[in-house]
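Summary of the model geometry
Chain residues, written in single-letter form:
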Amino acid sequence: MKFLHLLSTEASQDITFHCLSDLPLSPTDTYSANGPGQEYRDRPPRFRGWNGQMFEADTLLEPLPDECKIQDGSWHQSRFFFHTQDSYELPIVDIQEPPLSQPNHLLHLEVGPVCFL
């Protein structure tokens, strides 16, 4: 990894959350890890890079597109694309605060390869 970092001036990586959620029981139902009736956390997860750099919403991290909020019984995805001029920031080594599980909700994480340029 050190060799790739030394020879590269930039890097990029893709991480995708695939999610399947059934229709909510009622329009007012909300869920969290604490159970029904609790507020669902609706913010992007935080990612930690190779060198410890944290990528979060305040550092221009936004999902492209964020379709996991759609609850219609179909598979959707939230894609996060990382591109940096500091190749030491990638690959992503940790994901903090992933989307919370909800009843009847499946989540699949796809971590793409890192492209060093």
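For the structure, see preceding data.
Description of the structure in this document. All residue numbers refer to positions counted from 1 along the written sequence of the respective chain. Where local features are concerned, this predicted model is filtered to residues with pLDDT of at least 70; where side-chain atom pairs are given and counted, the filter is 80 or more; whole-chain, interface and lining totals use all residues. Values reported for side chains reflect all heavy atoms of the structure, with hydrogen atoms and water molecules removed beforehand.

This part is about the nonpolar core. In globular proteins that are soluble, nonpolar side chains generally tend to be buried together. Among the nonpolar cores identified, the biggest contains 10 residues, and these are Ala-11, Ile-15, Phe-17, Phe-47, Phe-55, Phe-80, Phe-82, Leu-90, Ile-92 and Phe-116. In terms of residue count, strand E1 (residues 11–21) provides more of this core than any other element does, 3 residues in total. Put simply, a nonpolar core is a bunch of buried Ala, Val, Leu, Ile, Met, Phe, Trp, Tyr and Cys residues held in one set by side-chain atoms that sit within 4.5 Å of each other. The cut-offs for exposure are 20% and 50% of the maximum accessible area for each residue type, with area from a 1.4 Å probe on protein chains only; residues under the lower value are buried, those over the upper are exposed, and the others partly exposed. Under the DSSP-based scheme used, a helix requires at least four consecutive residues in state H or I and a strand at least two consecutive residues in state E, with every element numbered from the N terminus.

Glancing now at the state of the cysteines. Disulfides are defined as cysteine sulfur pairs within 2.5 Å. A full pass over the atoms with the stated rule returns 1 disulfide. Through a disulfide, Cys-19 is tied to Cys-68; the S-S separation comes to 1.9 Å. Taking the sign of the S-S torsion, about -110° here, the bridge from Cys-19 to Cys-68 comes out left-handed. Residue Cys-19 is found in strand E1, and its partner Cys-68 is found in the loop between strand E3 (54–55) and strand E4 (75–84); the two are separated by 49 residues along the sequence. Owing to a relative accessible area of 3%, Cys-19 belongs among the buried residues under this scheme. By relative accessible area, which is 18% here, Cys-68 ends up buried.

In this chain, Leu-90 is followed by Pro-91 through a cis amide linkage whose omega measures 15°. Mapped onto the elements of the fold, Pro-91 is located in the loop between E4 and strand E5 (92–96).

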